[in-house]
Every structure is written in structure tokens, then in C-alpha cells.
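This is what each chain is made of:
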There are 2 protein chains.
Amino acid sequence: MSTFGTLFRVTTYGESHCASVGAIIDGCPPGLPLVAQDVQTQLSRRRPGQSNLTTPRDEKDLVHLQSGIEHGVTLGTPIGLLVRNEDQRPKDYSETDLYPRPSHADWTYLEKYGVKASSGGGRSSARETIGRVAAGAIAEKYLKLAYGIEIVAFVSSVGKVSLPSAVSPPSQVPEGEDDVVEDALSPEFVELLRTVTREKVDAQPTRCPHAETSERMVKTASSSLLNADARIALSSGASWSSLAVGSSSS
Amino acid sequence: MSTFGTLFRVTTYGESHCASVGAIIDGCPPGLPLVAQDVQTQLSRRRPGQSNLTTPRDEKDLVHLQSGIEHGVTLGTPIGLLVRNEDQRPKDYSETDLYPRPSHADWTYLEKYGVKASSGGGRSSARETIGRVAAGAIAEKYLKLAYGIEIVAFVSSVGKVSLPSAVSPPSQVPEGEDDVVEDALSPEFVELLRTVTREKVDAQPTRCPHAETSERMVKTASSSLLNADARIALSSGASWSSLAVGSSSS
């Protein structure tokens, strides 16, 4: 199903080329200051067309808050929101629709339901993430205001290109080397965690804040583009590292 | 929370005076023929302003299907739908907003959340039922096509006015008279169940298909209108009877 969470419950809807994609966020605490821009900032970060490494469709992804908020404050009731699909060209992918696309789930949908959206990824489009990104933006604002928690995530590898071992997170230590986990948490990586900010992450087109690694990722992705599978490299092969930083000052 | 059901799961959102009210229906089987008119028919039956017995606001309640359907067939993916609140006048109820309204839940919302929508019933408005009526219309169509099931519901009492004992359903037999249940299922009531149709129900402004009883209900409700609590009589005091009729021919 398309519902996630218990106390903070998110339900999403939408395919790549239907009227809109959106979500209902149920259980958001009342009294939280919330305006469309809080959500829009994250949707704009998610949006394709920001660099030449991602899908070139320029989708504006403007959020329309429908309910659960009045005078800039949440009511405690379900928050309905939607983003219109402005790029509804049913024939966009007509040629590739002749066969299932690698690394996509459209074949799975066809097998499961016996019918699928005629264009693009349908329900398995990355546009499905819009509802969850929007819900995440609301959860993030609540966590920041209520507990001073900030969240920063970054790309640590794309395909075979990853951060140098000196700054790799512990989870990327090769199997069988559990006894060197302490060593893997190198001073360089600790320093990266200590100093990384969302601004530094967003300054790189790859969202990898380590400039030298980011450059190598760009070169690899760009050469993959020549092989017409760069989107696969970026959507399926990228590893994300994330961390939450508690701050008592906010 | 605002989610109902397990396999056929309905999540609703919306207050009386926000941008829209709507729902996400998750788990609707794929391949079901479905167009907006299937839902619209039931929303129009729900709509206020159909008689002088209900709230006089004339809301058009046009449904906008957002997802989960293509070329008139369900995809098996979540069906998003919404109805815009065209009658968004925040000051409509300003005078009555000074105190909680009887038979409404706005006081409960204020106590629970410490904040409530400034106008009308907010989340406790009867407009919240729009999402569930729409979901019910989809479920009803599936039940009819897949199993030949038809559903007819009717009003059997309003306040102290009810169907004559001869045609009362068994559940309305007074306490302590369990031994006369067989007698209560009178030939007249069996005949009513056998012949009642949605058209006969809708032909009466009270939705009570028993013409003589319906007339008495109208008189009672109209005199209650003079006491300015007719809406309470109709929204809180009405009892509904419903039945499902299996039909092998559809």
C-alpha cells in the first residue's frame, strides 16, 4: 500500500503523467508554524532539471497546500497537498514504452495488475517521491522546532566512484574487516561529519560535499550519459549517507 | 486518524473552508471501468441545497480525479480525488463561532488540539464525508460489477417520527420484546425491502421511501426550522436503514 508511519502517517498518490501527485499527512502536531515555502524548498531541491546529470524535463513542482493549515499554523487535522503534473505528454516515452525499462518497476506493475500507465514510469516514476519529500519537509520542520534536530544527507558514492577510504563512512568497510571499524572512522571522516552542511552538499551537482570525489563522479556520470544510462547510474547506483545533528541553540 | 480499511483503504483530508476536501483510495482493484461521473452521481446525492430541509449553501461539489485511472480504467494504484471548496467565506459563521455549536465537534477539536479552524465546522464539517462518499461510490461500482451486489439505504426515522410499526425494521422493536422479532418482520416491511429502489428513496426530500411517513417527517422538520435547529434534527436525529440486494442478472 501507499501509507507509511503510525503517529505521523503519510499516504501518497500519483503517477508520472496523471493530473497531479500528492499526499495526505495525518498526525502532524497542531500549532506548528507551516507555510508552503517550507515544503517548496525541499521540493525544489528534489526537482529534476537542476543539472545536466539528471532527467532534462523542467518540472516546476509547485506545491499547493489544501488543508490542515490556517493562518500559517497547523490545525492537527490531515494536511492535504498536491503538485500538478505540468509535463503531461502521454507520448513522451512512446518508443521506450515498447519494452520495460531497466532498473524501473513498470514491468512489475504490469505483471501485478495486468494494466499499467501508458506513459513513463507510471506509479513507479520518481515523481512518486514528491509526496514523501513534502511530508519529510514537514517532519523536518517539526523536529527542528520541537527538538533542535537538523538533518543533512549527502551522496557518498556513485557507481564505482566513492569517497577516498580516508573519509568513507564505517558501513563501507569491506566484509571481513570488522576489526578495523575503529580505524575506518578516520579523523577526516569525523571532520566531514562535523562540518558538513546542506549548503555544502547542495553546492555540488552530485550532492557529494567532497569536492575532489564530486568531480570524479561528474566525469563518470557524464561518460555514462554517452551510454544512455546515466539516469540509472544516478538513480540506482548512488549511495547516500545521512546524519542527524542535535543542536541546543535552535 | 483519517484512514479507514485494510485491503480497500480510504484516507480523507479537508476542512469546511480550506482549498479542497478529498481522499486517497488505495487498494482499488485494477481494470475497473471508472469515470468521474460514477463518483459525481453520489456526490450530487450527498450535496446540500437539494431541498429546503438542509443547509441552504449551494455547493457544486465537482469531483476532480487526480490519479490511479487512465482511459477510464483503474490502474490498481492509489486513486487521488478532490472537490474544491467553492464556498470559502471565512466569515460565514462568525457570529456562531463565538460559542461551540450543539451537536458539532468543533469544541472537541479545540480542546484536543488547542487550535481549530476559524470558520464553520472545520474538520468536523459534514464536508468531510465527501471523501468517504466518493470512496463508497467506487467500492459500490466494484461490488456491482464483480459480485452483482446493489446497495439501497433509506431514512426510517427523523426525531420522533418513524415508519409505522407495521413497516418498521426488526432493530426498532422496543427492548424486552425480543420474542416478537418474527412478528416485527411484517409482510409490509418485507414488501418494502423487496420493492425499494434508490430512485424511490431519492424521490422523497427526506429519503424515506414511505410516502405517508415522509410527509410527516417534512412537517416535523419544517416546524423545527422555525426553532432554528432543523439541521440538528436532520443531521443527528435521522436513522438510516440499509440493505444489500444480491442480483445475479447484473
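Above this text you will find the structure in question.
If you're wondering where the values come from, they're calculated on a predicted model, not measured in any experiment.

Undergrad: Help me out: how do you make sense of the overall build of chain A in this one?
TA: Along its length, chain A carries eight helices and ten strands. A total of 250 residues make up chain A; the buried ones form 42% of that total. When contacts within chain A are restricted to residue pairs at least 6 apart in sequence, those whose partners lie at least 24 apart make up 63%. Here chain A displays about 12,900 Å² of accessible surface, and carbon together with sulfur accounts for 55% of that area.

Undergrad: Even after reading the chapter, I still don't get helix H1 (residues 36–46) of chain B, so can you show me in this structure?
TA: Because the α-helix completes a turn every 3.6 residues, residues three or four places apart line up on one side. Where H1(B) is concerned, the buried positions are Val39(B), Gln40(B), Gln42(B), Leu43(B), Arg45(B) and Arg46(B). Where H1(B) is buried, its residues meet strand E4 (63–65), strand E7 (79–84), helix H3 (129–147) and helix H6 (198–202) of chain B.

Undergrad: Which parts of the structure should I look at to understand the environment of Lys200(B)?
TA: Residues and elements named next belong to chain B. Relative to the elements of secondary structure, Lys-200 occurs in helix H6. Once the C-alpha coordinates of Lys-200 and Glu-215 are considered, the two residues, 15 residues apart in sequence, prove to be 14 Å apart. For Lys-200, the side chain forms a polar contact with the main-chain oxygen of Thr-195, separated by 3.1 Å.

Undergrad: I keep staring at the pairing of strand E2 (residues 9–13) of chain B and nothing clicks. Help me out?
TA: Both faces of the sheet carry side chains from a regular strand, because those side chains alternate between them. Residue and element names in this part refer to chain B. Counting buried positions over the five residues of E2 gives five, a clear majority of the element. The hairpin turn running from strand E1 (residues 3–4) into E2, its antiparallel successor, is four residues long, and Gly-5 in that turn takes a positive phi close to 95°. Examined bridge by bridge, E2 and strand E3 (residues 20–26) share five bridges and lie antiparallel to one another. By the bridge assignment, Thr-12 is partnered in E3 with Ala-23. The antiparallel pairing of E2 with E3 creates a hairpin that spans six residues between the two strands, and Gly-14 there sits at a positive phi of about 120°.

Undergrad: What am I meant to see in unusual backbone geometry here?
TA: When glycine is set aside, most residues are seen to have a negative phi, and most peptide bonds are trans. Phi is positive for His71(A), close to 50°, though the residue is something other than glycine. Its place among the elements puts His71(A) in the loop between strand E5 (69–70) and strand E6 (73–74). Among the residues examined, His71(A) registers a relative accessible area of 72% and is labelled exposed. Of note in this structure, Asp61(B) is not a glycine but carries a positive phi near 55°. Position of Asp61(B) among the secondary structure elements: in the loop between H1 and E4. Relative accessible area serves as the criterion here: at 2%, Asp61(B) is assigned to the buried category.

Undergrad: Would you mind showing me how to read the sheet that holds E1(B) here?
TA: Strand pairing in a sheet is mediated by backbone hydrogen bonds. Such pairs are either parallel or antiparallel. Residues and elements named next belong to chain B. With respect to topology, five strands assemble into an open sheet ordered E1-E2-E3-E7-E4, the strand pairing being antiparallel. Edge positions in the sheet fall to E1 and E4, since each has one partner strand and no second. Running at roughly 155° to E4, H1 makes contact with E4 and E7 of the sheet.

Undergrad: When you look at the relation of the copies chain A and chain B in this model, what are you seeing that I'm missing?
TA: For the pair of chain copies, the relating transformation is a rotation about an axis with a translation along it. Overlay of chain A on chain B (RMSD 0.0 Å): rotation 180°, translation along the axis 0.0 Å. Viewed as a symmetry operation, the transformation between the two copies matches a two-fold axis. Comparing interface residues between copies, 100% of those in chain A also lie at the interface in chain B; the contact surface is shared.

Undergrad: What is the right way to look at the interface of chain A and chain B in this model?
TA: It is common to give the size of an interface as the accessible area lost on bringing the parts into contact. At the junction of the two partners, chain A supplies 41 residues and chain B supplies 42 residues. Taken together, the two surfaces of chain A and chain B that pack against each other cover about 3,000 Å², and 62% of this comes from carbon and sulfur. Remark: the boundary between chain A and chain B carries zero salt bridges. Counting across the chain A and chain B interface gives twelve residue pairs in polar contact (both at pLDDT 80 or more). Among the secondary structure elements, those contributing two or more residues to the side of chain A that touches chain B are strand E2 (9–13), strand E3 (20–26), strand E7 (79–84) and helix H2 (106–113) of chain A. Across the side of chain A that touches chain B, the residue classes tally to 16 nonpolar, 18 polar and seven charged.

Conventions adopted
- Throughout, residues of each chain are indexed from 1 in the direction in which the sequence is written.
- The order in which chains are written sets their letters, starting at A; the order in which ligands are written sets their numbers, starting at 1.
- The predicted nature of this model means local features are confined to residues of pLDDT at least 70 and side-chain atom pairs, given and counted, to a pLDDT of 80 or more, with totals for whole chains, interfaces and linings taken over all residues.
- As a rule here, side-chain values come from all non-hydrogen atoms in the structure, and water together with hydrogens is ignored.
- Elements are defined by DSSP. Helices are runs of H or I of four residues or more, strands are runs of E of two residues or more, and each kind is numbered from the N terminus.
- Only protein chains enter the area calculation, which uses a 1.4 Å probe; residues under 20% of their type maximum are buried, those over 50% are exposed, and those in between are partly exposed.
- The contact criterion used is simple: two residues touch if any of their non-hydrogen atoms lie within 4.5 Å.
- Areas reported here follow the Shrake-Rupley algorithm with a probe of radius 1.4 Å; residue values treat only the protein chains shown as occluding.
- A 3.5 Å cut-off defines polar contacts: any pair of N or O atoms within that distance qualifies, except that in protein one atom must be a possible hydrogen donor and the other a possible acceptor, and neighbouring residues in sequence count only when both atoms are side-chain atoms.
- Strand pairing follows a simple DSSP-based rule, namely that at least 2 bridges must link the two strands.
- Only the stretch in contact is used when fitting a helix axis, every axis being a line fitted to C-alpha atoms; angles between N-to-C directions are given from 0 to 180 degrees.
- Least-squares superposition of the copies uses the C-alpha atoms of those residues scoring a pLDDT of at least 70 in each of them.
- Summed over both partners, the accessible area (1.4 Å probe) lost when two parts come together is defined as the buried area.
- The term salt bridge refers to a side-chain nitrogen of Lys or Arg lying within 4 Å of a carboxyl oxygen of Asp or Glu.
- Put simply, Ala, Val, Leu, Ile, Met, Phe, Trp, Tyr, Cys and Pro go in the nonpolar bin, Asp, Glu, Lys and Arg in the charged bin, and everything else, Gly too, in the polar bin.

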